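Breakdown of the fold
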Amino acid sequence: MSPDLASSEPLLTARGLARHYGVRLPGGLMGRRATLKAVDGIDFDLARGEILGLVGESGCGKSTTAKLVLGHVAPSAGEVRFDGAPVPVDHGGDWRRLRRRMQMIYQDPLGALDRRLPIAAQIAEPLQIHRPDLSRADRGARAAELMRAVGLRPDQAARYPHELSGGQRQRVVIARALALDPELLVCDEPVSALDVSVQAQVLNLLEDLRARTGFAALFISHDLKVVRQMADRVAVMYLGRIVEEGSPEEVLHRPLHPYTQALVSAAPSPHAGRRRARIVLRGDPPNPVEAPAGCSFHPRCPVAVARCRTERPPLLREGRRAVACHLAQAAGGGFAPAPLPSAAVSGAAA
Amino acid sequence: MPTAPLPASPRDLHGASPAAGPAPSAAPLATLRGLTVDFDIGERYVRALHGVDLTIARGETLGVVGESGCGKSITWLAALGLLGPGARVGGSAVFDGQELIGMRPRGLDRLRGGRIALIFQDPASALNPVQRIGRQIGESLALHRGLRGRAARDEARRLLDRVGIANAAQRLDEYPHELSGGMNQRVMIAMALAGEPDLLIADEPTTALDATIQAQILDLLRDLQAESGMALALISHDLGVIADMADRVAVMYSGRVIEEAPAGRLFAAPAHPYARGLLAALPDIEGPKRRLETIPGSVPPPHALPPGCAFAARCPHVDGVCETAPPPLRPVPGAPARRAACARLEALVRPPEPAPVLQRQEQRA
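Along each chain, residues carry numbers from 1 onward, in the same order as the chain's sequence is written. Labels are handed out in written order, letters beginning with A for the chains and numbers beginning with 1 for the ligands. Owing to the predicted nature of the model, reporting of local features is limited to residues with pLDDT of at least 70; listing and counting of side-chain atom pairs is limited to 80 or more, with chain, interface and lining totals taken over all residues. Processing note: side-chain calculations cover all non-hydrogen atoms of the structure and skip hydrogens and water entirely.

**Thoughts on the environment of B:Gly86**
All names here are of chain B.
- Each helix is a run of H or I in the DSSP string that is no shorter than four residues. Each strand is a run of E no shorter than two, and both are numbered from the N terminus. Among the secondary structure elements, Gly86 is positioned in the loop between α1 (72–79) and β4 (87–95).
- Partly exposed residues are those whose accessible area sits between 20% and 50% of the maximum for their type, while under 20% is buried and over 50% is exposed, using a 1.4 Å probe and protein chains only. Classification of Gly86 by relative accessible area gives partly exposed; the value is 34%.
- Once the C-alpha coordinates of Gly86 and Tyr45 are considered, the two residues, 41 residues apart in sequence, prove to be 9.3 Å apart.
- Here, two residues are considered to be in contact whenever any of their heavy atoms come within 4.5 Å of each other. Residues in contact with Gly86, not counting those within four places in the same chain, are Asp38, Phe39, Asp40 and Tyr45.

Written out as structure tokens, the structure reads:
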């Protein structure tokens, strides 16, 4: 399904979205106060029925973005609009009504489920809360239908979460998330805790359900392979900002930003063989409390130039492609991949 | 994306490489034979490991891959006597001529952390949070190399340098919480190196790390191996990591090794239906996007294994013969370096020579 951006207003828009936390640096009461910029001004749109993949390493702000989208935390700046209206963050009536239309799936299904309730009751719970007009029998019938849709057997209805496998639990979470026919699913590492064979089952299930119900999704994962499988569009985050955006094929096969280039080259794949060159970045991602000046990637960037240390590159857009890098600009306009490092390219043998 | 072909790695030239130790005909560094583990669950024992046979040559990287609960970690914990009193270990684990199963604790203590080192997934919980890094490395150096004081500190600094930690002298006085996850894993590796091991057992060493940090740690392990000639048993659920690192791969399922093969061959053409299923279930970055193939069902629990092949209920090639007894690990027809535990190998594995269309038609006729 390829949503037509031009014809309809996006389901979700984020503009200048930021979330800062006040923290104290180590040193107890003497520690200096500082600001942790978990999300630092991001813009994105999500069309109806579209899946936007959000990738990046721990601490890059992907999960905070999910919380901002759902209205779980208030933005420090900017706003999120869902279907044209700002997402409320007061957890009041408007927020609850909106939450019927946006649901979430997290990494750990056991943590997301109530251990003391049989699974059918948990799947029916959103109906109980948001659809009091339905009779108990109708709710039961809908829960049974949802269980069938996610591949759970009717005889499992009375089971408790601990009696199910990890994959089955994630199916319960998915069934519950879909109970109210949401327009938006926020999936934060939905298959990261699952074994490979079960991960494939759940990914196929999400694809099938999406084809049937047409939900849009913000799909967060550190696994590029999984994101490519699921997403229509990918945004790469680094230290609270989007540094690159485009279709999965563009971003993963012709990455523009040096960070994306390194990320893609570092993703191990048994299919790619062992002859793939790898860009090994030096150092760790910097502490988001003390984000470097200029381009925040410059201390680890193998091809950074003087300008990168002082001048922060804006996220420039060109059609469906976007990149924030001084070195990813083509001479005649448009984008070109940043030059590959010569010394930092280390082969499999390194 | 950088995809330029690179010269073959030293590991590819394994037998001929000086770092790789003696010729392949020499006795392996470690040999596991019929290793079993039974866990005490109160009234009875449940068998978690059903007779694992594995070998590692000097300097070799053996990848052990499988899903959660397949026994890939307890294999090595059992061999090193680290499972505790609730587990009954049987079979044999010989390291450089010495039998480890039933060895006295003093003998094991000399080997563990010394000639055999272990690193785990979560370095933050493997390190002592209230001791400085330098002291923790120093402990290993005192135990296995008799170094103390100045000499131990100098050696600890050299090791931190070696694993790529900048400011090694300063880091010695820091605590694990002051270091990032990737740095702590480097400290763990430095501690493992302190005993100058012949065998490093790395259990999911990069699973908790970010992709770019994982690449750094895998590179480091490769460098250290090339330099010191130590063997590496790399345990991982990540087929990509295994493909990247291993010379030889063992695939485990439900407490058994179900396939063993040189890495390149395994990933190019897995023989066992489970190994095939795993590879087909994995999404890929390259190539055309396809619908993932799934393995139906889930792994049977260890206390309710079927009498036959543990994979039978999920296997697309299942036959009556699969349900009688667990199939033994045996050579794959036409590929003596590979072994697989499948009763239907003959029907599944194509003949080794590329069969032209004509020939196949003849066979059919």
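There's more to say after this.
**Here we look at the pattern of salt bridges**
- Criterion for a salt bridge: a side-chain nitrogen of Lys or Arg within 4 Å of a carboxyl oxygen of Asp or Glu. Tallied over the full model, the rule gives 48 salt bridges over all chains.
- Among the salt bridges present, the one from B:Arg58 reaches B:Asp96, with a minimum N-O distance of 2.8 Å. Of this pair, B:Arg58 sits in the loop between β2 (45–56) and β3 (61–65) while B:Asp96 sits in the loop between β4 and β5 (98–99), placing them 38 residues apart in sequence.
- With relative accessibility at 28%, the residue B:Arg58 sits in the partly exposed group.
- Classification of B:Asp96 by relative accessible area gives partly exposed; the value is 30%.
- One connected set of salt bridges, linked through shared partners, spans A:Glu50, A:Arg233, A:Glu245, A:Arg317 and A:Arg320.

**What to know about the sheet that holds strand β8 (residues 231–236) of chain B**
Residues and elements named next belong to chain B.
- Read across the open sheet, the 8 strands follow the order β6-β7-β8-β3-β9-β10-β12-β11; overall the sheet is mixed. The open sheet is flanked by β6 (116–119) and β11 (330–332), the only strands paired with a single partner. Ignoring which end each strand starts from, the neighbouring axes of this sheet average 25° apart.
- In this analysis, strands are considered paired if DSSP registers two or more bridges between them. As judged from the 5 bridges shared by β3 and β8, these two strands associate in the parallel manner. Bridge assignment links Val65 to a residue of β8, and that residue is Ser236.
- Set on the sheet, helix α7 (residues 181–194) makes contact with β6 and β7 (199–203); between it and β6 the angle comes to about 170°. Throughout, an axis means a line fitted to C-alpha atoms (over the contacting stretch in the case of helices), and angles, computed between N-to-C directions, take values from 0 to 180 degrees.

**A look at the state of the cysteines**
Residue and element names in this part refer to chain B.
- In this description, a disulfide is simply a cysteine sulfur pair whose atoms lie within 2.5 Å. Going through the model one piece at a time under the given rule, you end up with 0 disulfides over all chains.
- Cysteine Cys315 shares no disulfide, and the gap to the nearest cysteine sulfur, in Cys342, comes to 6.1 Å.
- For Cys315, a relative accessible area of 15% gives the class buried.

**Quick notes on the interface of chain A and chain B**
- Taken together, the contact between chain A and chain B spans 51 residues of the former and 57 residues of the latter.
- Buried area is a sum: the accessible area each of two parts loses on coming together, probed at 1.4 Å, counted once for each and added. Carbon and sulfur atoms supply 53% of the area buried between chain A and chain B, which totals about 4,800 Å² over both sides.
- Taken together, chain A and chain B are joined by 2 salt bridges.
- Throughout this description, a polar contact denotes any pair of N or O atoms lying within 3.5 Å of each other; where both atoms belong to protein, one of them has to be capable of donating a hydrogen while the other can accept it, and for residues adjacent in sequence the pair is counted only when both atoms sit in side chains. Linking chain A to chain B there are 21 residue pairs in polar contact (both at pLDDT 80 or more).
- Taken together, the elements giving at least two residues each to the side of chain A that touches chain B come down to α7 (196–213), α8 (224–230), α9 (248–253), α10 (258–266) and β11 (278–279) of chain A.
- In terms of residues, the side of chain A that touches chain B owes the most to one element, α7(A), which gives 10 residues.
- The classification used treats Ala, Val, Leu, Ile, Met, Phe, Trp, Tyr, Cys and Pro as nonpolar, Asp, Glu, Lys and Arg as charged, and all other residues, Gly among them, as polar. Grouping the constituent residues of the side of chain A that touches chain B by class yields 25 nonpolar, 13 polar and 13 charged.

**Brief notes about the UniProt feature "domain: ABC transporter" (unreviewed entry) in chain B**
- UniProt positions are given in the numbering used here, feature names are shortened, and annotations may be inferred rather than shown by experiment. In the numbering adopted here, UniProt assigns the feature "domain: ABC transporter" (unreviewed entry) to residues 32–279 of chain B.
- Taken end to end, residues 32–279 of chain B is 41% helix and 26% strand, and its two terminal C-alpha atoms sit 26 Å from one another.

**Section: the pairing of β7(B)**
Residues and elements named next belong to chain B.
- The buried count for β7 comes to 5 of 5 residues, which makes it a mostly enclosed element.
- Alternating residues of β7 divide into Leu199, Ile201 and Asp203 and Leu200 and Ala202, and every residue in both groups is buried.
- Inspection of the sheet shows β6 paired to β7 by 4 bridges, in the parallel sense. Residue pairing in the sheet places Ala117 in a bridge with Leu200 of β7.
- Where β7 and β8 come together, 5 bridges link them in parallel fashion. Pairing of Asp203 across the sheet is with Ile235, part of β8.

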